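This is what each chain is made of:
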Amino acid sequence: MRVAGMEVPIIGSDSIKWIDLTVPSSLNHFENGGNNNAAATTFSPPTVDSASATYFDDGDTAFYLIWRIHKSQSNALEIFKLSQEFPHNTGLRLSFSHPLAFIAAFPTNSHYLLYTVTVSGIVYFIKLFKDLTSILSRDQIIELDVRAFSSSNEPITCIAANPGCVLLGRTDGSVTCFQLGSLHQTAPGFVYELRDDSGVSLGRLLGFMSRGRVVGAVQDLIIREVHGKKILFALHHDGILRAWDLLSHSRILSHAMAVPTSIEGATSTRLWFGQPNNDSNIVPLAILYKSTLEVGMEVVYVYSLSYCTGDKMILSVDSSVKSFPVNEGGCIDVKLTSDKIWILKVNGLAYYHLISGCTMNEARYYALQEEFIADQLFQSLEHTSDDLISTIYSIFSSEKDHIVPFVSSLYLHRLLHPGVYHNTVLRATFLDYSKHWTDNEFQLLTVDGLKKEILSLVETESMAESPISIFQGWKNFCCRYFEYWCKNNSPYALILRSSDVVGLIRKHSVSSFRSLENTELLIDGLSEDPGDLVGFGLDLFDDYSDREILFEVLRCVINISQQLGKTASVIFYESFVGRQIISSNDIIARLVKILETGYGSLTRIGHVSGLGADVAWEREQIDHKNLRKFSVDMLLSLHDLYKKAASWKKVLDVIEIYLQFLVPQKFTENSGAETLSCLNNSILVQASCQIGKVMFESALDILLLASYLMNMGGQINMTHDDISRIQVELVPMIEEIISEWLIVLFFSTTPSESPAIEDFSSQLSLLQIDSKINKRSWREKLGKCDFTLASLLLLNNQSSSGYERHLSFGCLPNPHNVISSVQKFTSWIAWGNTGEVSSSFMRRSTELAIVLLRHGQYDAVEYLLTTVEANARGERISRSIQDTSGDWCLLQHLLGCCLVAQTQHELHAILRGRKVCEAVSCFFRAASGEGASQALQSLSDEAGLPYLGFNGHVSAAWKLHYYQWAMQLFEQYNLSEGACQFALAALEQVDGLHLGGDGYERNPSDESTTTIKGRLWANIFKLTLDLNLLNDAYCAIISNPDEESKYICLRRFIIVLYESGAIKILCNGQLPFIGLADKIEQELAWKAARTDMSAMPNPYKLLYSFEMHRHNWRKAASCIYLYSTRLRTNSVLKDQQNMSITLQERLNSLSAAVNALHLVHPAYAWIDPLPEGNPFLIERYPRKRAKMTVKESGNEVQAQGLQFCIDIEKLECEFVLTSAEYLLSLASVNWTYSGNQKAPSDLVELLVQTNLYDMAFTILLKFWKDSELKRELEKIFCAISLKCCPSTISSSSNGVRNLLLTSSKDIVDVHGSPDMELTSQQTKADHHWETLEHYIEKYKYFHARLPLIVADTLLRTDPQIELPLWLVKMFKESPRERYWGMTCPEPSPASLFRLYVDYGRYTEATHLFLEFVEVFASTRPVDIINRKRPSAVWFPYNTLERLWCQLEGSINSGHMVEQCDKLKRLLHVALLNHLKQLKVDSDDAVSSAG
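Residues numbered from 1 in each chain as written. Predicted model: local features only at pLDDT ≥ 70, side-chain atom pairs only at ≥ 80, totals over all residues. Heavy atoms only, no water.

Asker: Lay out the side chain of Glu 78 in plain terms, naming residues and giving numbers.
Answerer: Relative to the assigned elements, Glu 78 resides in strand E5 (residues 76-82). Given the relative accessible area of 3%, Glu 78 is considered buried. Separated by 3.3 Å, the side chains of Glu 78 and His 70 make a polar contact. (Helix = DSSP H or I, 4+ residues; strand = E, 2+ residues; numbered from the N terminus. Buried < 20%, exposed > 50% of the residue type's maximum accessible area, 1.4 Å probe, protein only. Polar contact = N/O pair within 3.5 Å; in protein donor to acceptor, adjacent residues only side chain to side chain.)

Asker: Mind laying out the sheet that holds strand E13 (residues 175-178), listing which residues take part and the relevant values?
Answerer: Taking strand neighbours across the sheet as the criterion, the four strands line up as E11-E12-E13-E14 in an open arrangement whose pairing is antiparallel. The sheet is open, and its two borders are formed by strand E11 (156-162) and strand E14 (191-194), each paired with just one other strand. The mean inter-strand angle of the sheet, taken between neighbouring strand axes irrespective of direction, is 20 degrees. Direction of pairing for E13 relative to E14: antiparallel, over a ladder of four bridges. Bridging across to E14, Val 175 finds its partner in Leu 194. (Pairing = 2+ DSSP bridges. Axes fitted to C-alpha atoms, helices over the stretch in contact; angles between N-to-C directions.)

Asker: Would you mind going over the packing of aromatic side chains in detail, with residue names and values included?
Answerer: Going through the model one piece at a time under the given rule, you end up with 56 aromatic pairs. When the centroid spacing of 6.2 Å and the interplanar angle of 70 degrees are considered together, the rings of Phe 106 and Tyr 115 count as edge-to-face. Each member of the pair, Phe 106 as well as Tyr 115, is classed as buried. Among the aromatic residues, those joined into a cluster by ring pairs are Phe 923, Phe 924, Trp 958, Tyr 962, Tyr 963, Trp 965, Phe 970 and Phe 982. Its end group placed over the ring of Tyr 55, Arg 497 keeps NZ or CZ at 3.5 Å from the ring centre. (Phe/Tyr/Trp six-rings, centres within 6.5 Å; stacked < 30°, edge-to-face > 60°. Lys NZ or Arg CZ within 6 Å of the ring centre and 35° of its normal.)

Asker: Can you lay out the sheet that holds strand E26 (residues 348-353) for me, pointing to particular residues and giving the numbers?
Answerer: Taken in spatial order, the eight strands of this open sheet run E24-E25-E26-E27-E1-E30-E29-E28, and their pairing is mixed. Both outer strands of the open sheet, strand E24 (331-336) and strand E28 (491-496), are each paired with one neighbouring strand and no more. Ignoring which end each strand starts from, the neighbouring axes of this sheet average 25 degrees apart. One ladder, built from four bridges, connects strand E1 (residues 2-9) with strand E27 (residues 364-367); its direction is parallel. Along E27, the bridge assignment pairs Arg 2 with Arg 364. In this fold helix H23 (residues 815-831) packs onto E27 and strand E30 (510-515), with an angle of close to 80 degrees to the strand it touches most, E30. (Contact = heavy atoms within 4.5 Å.)

Asker: Summarise empty space enclosed by the protein; cite the residues concerned and give the values.
Answerer: On inspection of all chains with the given rule, the structure shows eight cavities of 30 Å³ or more. Considering the residues around the second largest cavity, the lining is formed by Glu 517, Phe 661, Val 663, Pro 664, Gln 665, Ile 691, Met 695, Trp 741, Val 822, Gln 823 and Thr 826. Listed by contribution, the elements that provide at least two residues to the lining of the second largest cavity are helix H18 (681-711) and H23. The class makeup of the residues in the lining of the second largest cavity is seven nonpolar, three polar and one charged. (1 Å grid on protein atoms, 1.4 Å probe; cavity = no way out; pocket = protein on both sides within 12 Å on 5 of 7 lines; lining within 4 Å. Points joined across faces, edges and corners; volume = space filled by probe spheres on them. Nonpolar A, V, L, I, M, F, W, Y, C, P; charged D, E, K, R; others polar.)

This is the structure in C-alpha cells:
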C-alpha cells in the first residue's frame, strides 16, 4: 500500500476551554423496583466511543459542528466548532443524568437542534445558542420516554434522527418514528411505526393474523435526501436493506444484499452512504461485514444504489460489488464519495478509487499520528533507543559529563514537540508517578514549568545519576507516555468534505491530512527506474545519464541513512536547539567515524550489559556484521557510481544540481500574507514541522555522504581537486541549506517564550490580534506548548499586513493545498513576502528577529541570529561577512539587544556575565561595520534604536551617538558594566568631533566638548559607583572637566560612601584629593550637621578622621568636640541604657579632642567654641594670637561678652565631669552635666553615696586645692565612715526590710534565715571597712587629720564601736625616735586618748596611757640620754586629769564601781611610777647642767 500522505494534527485541539452545563431532567428513569431498572439499562444500545461532524456554511463563516461522546464518560456530551479559529474557540460540555446512546445535531439559521437518546430510553430535544455558550432556555428542552409508547418494550438496536423526528430501530425489525420537535406528544401522528406488513389483509380474511416475512433486527439506520425526498435506509441483521419514504411512510426498497463468501459466518454490522449523484442517479453505499467465527476478519462491500425520479421513487441495487478487506486493524469508520472510499482503521487511513478498472494495488495510505509519535519517542523499532544511546556515547566520548543533560534536553524537546505534547496524556503519565494536578494548576504551567516537572520525575525515578540510569528513566517515561497517547487519542470518526478533503476526529483532538512533499515521495517511492525522478519534481536534469547518476547517489544516501538510523538527525538537531556541547562539524566528523568503524565494543556493551552478557555479545556481533555489510555495499556502490559517471566531477555536478531541489523555494509574487491567511495556523505550523524535518534530514544525509566521500577519497579514485571542491563548495552550500531548514524547523517546533511582565508592559502593551482572527491577547498564548514561534510569526504577519483570513480552502484544507501553503510559508520564512532574488537570508533573519524581539522571544532570537552568523562565518566562498548593505551590522545589533534582554531572566551570575560580554562585543561589531549608520537608522522604534536625525557622514559623530544609545540601553537593564564600556568608548569619539563643522544635518544640542565630556564622565561615575568600583568612580570625578558636574558627583560619591559603609577610604589616604580636599571637607561637614546623631557611621568621627589624616589637629579637635556638644544638648535619652551609650560617646569624643590638641604646638593648643550647626565657621588655619583668659581682661563687662577659647584643661575638666555622669548612669543615678566648668559639691556626695569613690576623689583632686580640698576630703571620709557603723548598716537593712510586705509563712523565703541575713550584713560591713582602710591609706598624706576625722566620726556615731586595729595603729605608729610619750604629729596617740576619754571609753583610754607609760619606762639605755632632754616627754595631763575625775564620778555614782576602781588604781600606780621617773630624769638633767 503506497503512502499518499500523513495526518496533520491541529495543534492545541486538546486544550479547548469547555463550558460545563448540566441538562435538567424531570422524568423518573427507573420505576417499579429493580426489574425495570435492569431493563432500562439495556433498552438502548450501550455507550460507545463515537463522534460525528456536520458541515455548515452561512456565507460568512464555514465550520463543522462536531459532537463527541466517550465510553469512559458516558454521561457527557462534547460539542464544538471546527473552523479557521480552532482551537482558540470554546466548546460546550453537556452533562446528562444517564449514559448516552445516540447524538444528532442540526444547525439552523438562529440556533442548533440537538437530539440525544440515553441508554434508558429517554430522548432529549434541546436548542442551543450558536456561540455554544448555553441552552436557549429551560423551556427549550423537551424530554420523551419512549418506553411509554412501546407495549412490547422491544430493545432499541439503532437510532437515527432528522430535524423534526427521531427514529428507533428495534430487535423485531420495526422502526418507530417520533415527530419530536415538530408535533406535541399528545398530537395525532406524533408516533408511528414503519413495519413490513404485506400479509395483514389476507390474514384478516382467513380469520388469522399473518405478519408477512419475518425480518432481522435493525442493525443500522441512515437518513438521506435523494432527489428532494427524505429516505430512511435500514440495514437488518439478515442482510436485508430496506428503504422508506418518510413523507408517505411507505417502503420503497427491500433488497437482500450479497453476503461475502470470503468470510465465513459474515454478518452485516454497519451501513454508510455517499452523496447522491443527480447526473448518474447513483448513490454509493458500503456495508461492513464481520465474521462471527473468526475474530478480526472484516470486509467492506461497496454497492451502487440506482434511483429513478418519475411519478414514484424507485430504488434498485446494482449487481456489481466491490470488496475491500480490512486486513490489519479493525474498521472504525468509512466515508464514501462518488469516486473514492475512505476506510479508517486502527493502523491507518486508506482510500480506494471506485472507478472501473481499479485494483487493490492502487490503494493509497495515509499514515496516522501514532507513527509520528512512535518515531519521535523512539517507540517504532525494537533497538532505536539503544542505537540512540550508543551514538551519543560515541559522539560525546570525551565529554561524558555532558551526556546526562544532553539526553534529558533531547527527550524534553521531543516530548513537548507540537503534535506529541498532549495535556491529557501528560497528566495521565504524571499520575503513574503519583503526581497530581488540578485543572487550574496544570493550565498555569508554562513550557519551562513542564520541563522542570518532567525532569524532576525522571531523575527521581532513575535514582542513580549515571547516563544509563537516566536514559532508562526517559525510556520508561516515554513508553508510558506513548501508551497513554494511543489510549487517549484513539480515532473516533472521519470528517469528509470532498473526495480529497478529509479530517479525523480523535478522542481528545482533531486532525487533517496532507499529501507528501516531493522529497518525501522521492525517498519513500524510489524505484529502479531513474525516469521516475521527473515525476517527483526533479526536472532539473535533461540528460538521462544525469538522472541515473542521481539515482545511484540517492541509493548511497539511503544506505547511510539506514545505517545510522534516526539517531543522527536527532542528535544533530538537538545540538543546535539545545545545549551545544561540541560544534556541528565535530558531530559530522564523529558520525562519519561511526560509519567507518562502528560504535565500538565498549560503547555498546556499556549500556546493554544490564540485559545480560549474552545479549550484549549478540548485539555486538550484529553491529559488526551490519558494519561489514554496509562498508562493502558502499564501496561497491561508489565504484559503480564512478564507473557510470566516468569522473567524480560529474557526480559532484549532479549533487550540486540536486541541492537546488532541497533549497526552500522562492516565490516572487507578493502574496505571502494573503496565502498564509487561507489555512488554519495550527495545520500550517504542524505541516511545516513535518516537511521541514524531512528536508532537514535529507540535507543532512547529503552532508554525511559528502563527508564520507572525503574520507574514502583514496579508495574510490577521488582526486585532490575533487576533495577540495567538496570541502570548499559543496559542504558550505549544504550547511547553508541545513541551517535554513533548521530555522524553519526551529520556528515550527519551539514553543514561544513566556515574556517578563515588565517587558510586556513596556514593549508589547497587550497587543491584540485582529478582531476577526482572534480576540484574545497574545500574552495568554505565549509560553504554552501549543503556541510555537511559527504561530506567533503567522499571527503577526496577518495582523500587520491587514489581510483577513478567508475560507478559500474551507475549514479543512485540501491535502495538496497544504503542501503549497507550506512551501509558501517556508519561502516567507526564508525570503520574506517579496522573495526578491537579491534578498539574502541574513537580511531576512534580521526581519524575523525584529518581530521576535518585539514579542519578547529572546532565546529564539539568539538561536536564529547565532545560527545565521555561524553559517556566514563558515562560508568559505563568501567574499566578506561584512558588506556595504549593513546586514551584518543589523544582525550584530539585534543579537546584542537580545542578549541584553536575556540578562533579566533568572540566570546564574557567570552566565549573566557572559551574556553581557557577548552583548558588548555585538554592539561594538555593529558600530564598526560597513554601512552601519544607514542600516541601523532604518530600524523602527520597536526594534530599540530611535532615529538619530543625521546622515552619519562623520564616523566619530555616528559612533558617539550609537555608543550613547548603547550606554542607555545597558543602563536601562541595570547592566552597569556594559554601560560603562560604552561610555568610555563614547569619550574616545568626542575628541574627533568638530562641533562647528558640517558633520551633522542638525546640531542636536549645541553642546560644547566640555559639556559632553562632563556628561559622559558623570555617567561613568554613576556606573562605576553602581558596580562598587569606588576608586574608578573617584577617578571619574577628578577626570570630569565640568566643574558643576564634578561637584555634584562628589556629593553623590560621599553620600553613597556613607550609606554603603565605605566612607573610610576618604580618611585612609587611598584617594588623591587633587584640589578637592576643601570640597570634601565641606561635604563631610555639611553631612555631619544634617545627619542624625545615631547614624552609623558617625559623620563627625569621619570628619575627625579626615582632618587627622591631613594633620589638621585643631580642626579635628573642633569637629569632634562639636559632636560631643551636640550629644550633650540635642540627644533625647529614652532609657538608662541609651543614656550610658551616649555618655560613653561623649567621653570618647572628649578624649579624642584632647589627644588631637596634644599634637598641636602648646601656643595653639586650643579651639574656638562654634555655634552648633555651623561647621563651616571652623577656621582653616590657627590664628596667630594668644588665647584670652578672664584675668587678661580688665573690664568685667567686656570680659562677660567675650567668648572664651577652650583649651586642654577645660576639655579635661569636662571629661572628668562627663565620666562622673557616665558612672552615675551605670548605677542608675540621674545627674546631668550643665556645662559649668566647676564641679558641684553635691556631685561628690552623690558619687560617694553610689560607692564611686575613685571618681569622687578624682573630682576632688581636679577641682579643689589647699584647704578646700582638705575640707572636701573630710566630708568624703565622714561619709565613708558612717557606712562602716553597725547602727547605720542595721538601720538601712531594716529600712529595706520594712518595705517588704509578706505573709508570715513567706518571711523566711523572702528574707532568708536570720543567720544568712547577719552574714550578709557582716560581708557588707567588711567591704566598707576595707574601702575605708584603702582610701585612708591612699589619701592621709593629703590631709594628716583624716584618721582622727574617721575615728571621731565612728565614735560619735557609735561610742561603743570597736575601732579597727589598722586605724588604731595609725595613731600609735609615730616616729618614736624623735618623740617620747604621747606627743607626735597627727595622728598622735594623744588625739586617740582624748577621743577615748571624750566618748567614755575609759578602759581603752587607761590601757592606751599605760601602754605608752610602760614604753617610756622601758627605754633602751641608748635612748635614755634623749629622754632626759628638756621638754622631751609629754603626756596629755589635762586629759588624764579629766579621765581621773570621770572615774571618780562613776564610782561615786555607783556606776561600774568595781571596773572604775580597778582602772583608777592602775592609773594611780602608773602615775606614781611615771612621776618618780620624771623626778629622777630631772635631777639627772640638773646635775648634768651643773
